Amino acid sequence: MNKKIEQAVILAGGIGTRLRPFTEYAPKPMFPIHGIPFIKYLIEQIKDMGICDILILLGYMPEVIMKTFRDGKDLGVNIRYSVTAVEYNTGMRLKCAQNMLQKDFLLMYCDNYCPIDFEGLCKAYYRNDAWIQMSAYVNADNYTKSNLLVGENGLVEVYDKKGNTPNLRGVDIGYAIVNRNVIDYCQERNDSFEEKIYPLLVKQKKLFAYCTEHRYYSIGSYARIELTQKFFLKRKVIFLDRDGTLNKKAAKACYIERVEDFIWLPQAREAIKLLKDNGYFIIIITNQPGIARGKLTEEMLNRIHNKMLADLNEIGASIDKILYCSHDWDEGCDCRKPKPGMLYKAQREFSLNLPECIVVGDDERDMLAGKAARCKTYLVDEQNSLYDIVKKLI
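Residues numbered from 1 in each chain as written. Predicted model: local features only at pLDDT ≥ 70, side-chain atom pairs only at ≥ 80, totals over all residues. Heavy atoms only, no water.

Is there a simple way to explain the overall build of the protein in this structure?
For the protein, the helix and strand inventory stands at eleven helices and 19 strands. For the protein, whose C-alpha radius of gyration is 24 Å, the value lies close to the compact-globule estimate of 21 Å for 394 residues. Each principal axis of the C-alpha atoms in the protein carries an extent, and together these give about 75 × 40 × 40 Å. In the protein, which comprises 394 residues, the share counted as buried stands at 55%. Pairs at least 24 apart in sequence give 72% of the contacts found in the protein among residues at least 6 apart. Per element, the accessible surface of the protein, about 18200 Å² overall, is 48% carbon and sulfur. The centroid of the 56 positive side-chain charges in the protein is displaced by 3 Å from the centroid of its 51 negative side-chain charges. (Helix = DSSP H or I, 4+ residues; strand = E, 2+ residues; numbered from the N terminus. Rg over C-alpha atoms; globule rule 2.2 N^0.38 Å. Buried < 20%, exposed > 50% of the residue type's maximum accessible area, 1.4 Å probe, protein only. Contact = heavy atoms within 4.5 Å. Areas by Shrake-Rupley, 256 points an atom, 1.4 Å probe, with all protein chains shown as cover. Lys, Arg positive; Asp, Glu negative; His and termini not counted. Charge placed at Lys NZ, Arg CZ, Asp CG, Glu CD.)

Quick look at the structure:
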């Protein structure tokens, strides 16, 4: 488990017909997002993973990428290139670069980005004794067409690149750790690596998926680019618990059931104003099981929240979004903290990068939800009020 993946390989040789007319003048990975070539975001992500050896597999207009990034030294990495014919598919590109590959390497697509849990992906690869451990988006929101069926322990039971098999759930997003020996399966034919090799490994029970609920972002087509632009905006986002963080908690086994029961904690309003004055996007995430237990109606909850917002408006502060879970603890929902469902719901709605977001709450369940989504977490307790934490953040 102490082994380390030290090489990343980016498949970047395609023509990118869906991005015409841009790709008539430059290769797809150079498409600018906020003035930065998309592939640069990938290179910086690779570096953040602790990988400095990068191999880029090129075909179409290779000189554009090579002249832009050269040997990678300006970015603090070492970049090498393998240039093959434009018409080569992914299998042939990897076959031609086989002698440049380390025993185990991270294989990435040039047009997808997701803030994956790289450490978790590596651990799963070695734990499963996998030949390929891919990353997969669960795709519960039908964001795109599924091409996987994942079974117990992440074992891939079906891989269908075109997604024509019924009842598929999940989609391969790249970020696959690959054993170099699987390249031997690539014959001297112009095959798609995924289409040729993945079904073979399914039969041998050597293809695994490490699943994420965090949406991925792409430049594969113009239809995806608006969301991708939004995702890469530099935003400061904070999730706040409500009861015990903003306002006084009700007695044990009781709930805030009336407007007059909502009493602000000292300096909590001022903390929110301080966040807004410093450019934070603020989202409330709160468990409200009183609704399921018949102690509270959604109408009354909305009145309580309207009062909360009106109080904030008096001092020039505001909340950007309020999310709540109305389920009881035993209903098994994914949104009730300590599960991170509300965080992922906000992620999809606002195209957030959750590892760059902050969660603040007064309960271990808040911390567990934040950590499950790989957010930074801060605990409100007797020594640290919300205001204390906000001052430190700012």
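Help me out: how do you make sense of unusual backbone geometry in this one?
Glycine aside, residues mostly have negative phi angles, and peptide bonds mostly take the trans form. Each neighbour pair has its own omega, and for Arg20 with Pro21 the value is 10 degrees, a cis peptide bond. With respect to the secondary-structure elements, Pro21 resides in the loop between β1 (7-12) and β2 (32-33). Cis geometry is adopted by the peptide bond preceding Pro338, which originates at Lys337 and carries an omega value of 25 degrees. Mapped onto the secondary structure, Pro338 falls in the loop between β17 (321-325) and α9 (341-350).

What should I look at first to understand the pairing of strand β18 (residues 358-361) in this one?
Residues of β18 alternate between two faces, with Ile358 and Val360 on one and Val359 and Gly361 on the opposite face, all of them buried. The sheet contact formed by strand β15 (residues 236-240) and β18 spans three bridges and is parallel. Bridging across to β18, Leu240 finds its partner in Val360. Viewed along the sheet, the connection from β18 through helix α10 (residues 364-372) into strand β19 (residues 376-379) turns out right-handed. (Pairing = 2+ DSSP bridges. Right-handed = clockwise from strand over helix to strand, strands pointing away.)

I'm lost on the nonpolar core in this one. Help?
Looking at soluble globular proteins, one finds that nonpolar side chains tend to be buried together. With 52 residues, the main nonpolar core has Ile56, Leu106, Phe118 and Tyr175 as its most contacted residues. For this core, the secondary structure elements donating two or more residues are β1, α1 (38-48), β4 (53-58), α2 (62-69), β5 (78-83), β6 (104-109), α4 (118-127) and α6 (222-231). Ignoring any residue separated from it by four or fewer positions in sequence, one finds Leu106 in contact with Ile5, Gln7, Ala8, Val9, Met49, Ile51, Phe118, Leu121, Tyr175, Ala176 and Ile177. If you look at the next biggest cluster of nonpolar residues, it comprises 29 residues, including Leu301, Ala317, Tyr387 and Val390. (Core = buried A, V, L, I, M, F, W, Y, C linked by side-chain atoms within 4.5 Å.)

For this particular structure, what's the right way to read the packing of aromatic side chains?
Aromatic ring pairs are described here by two measures, namely the spacing of the ring centres and the angle between the planes. Taken as a whole and judged by the stated rule, the model has 17 aromatic pairs. Ring geometry for Tyr137 and Tyr143: centres 5.9 Å apart, planes at 80 degrees, overall edge-to-face. Here the two residues Tyr137 and Tyr143 agree in accessibility, since each one is buried. Ring-pair connections join several aromatic residues into one group, and the members of that group are Phe38, Tyr41, Tyr113, Tyr217, Phe231 and Phe232. (Phe/Tyr/Trp six-rings, centres within 6.5 Å; stacked < 30°, edge-to-face > 60°.)

What exactly am I supposed to notice about the environment of Gly370 here?
Here Gly370 is to be found in helix α10. You can call Gly370 buried: its relative accessible area is 0%. In this structure, the C-alpha to C-alpha distance between Gly370 and Leu19, residues 351 residues apart in sequence, is 36 Å. In this structure, Gly370 is in contact with Leu343, Val359, Cys375 and Thr377, ignoring residues within four places of it in sequence.

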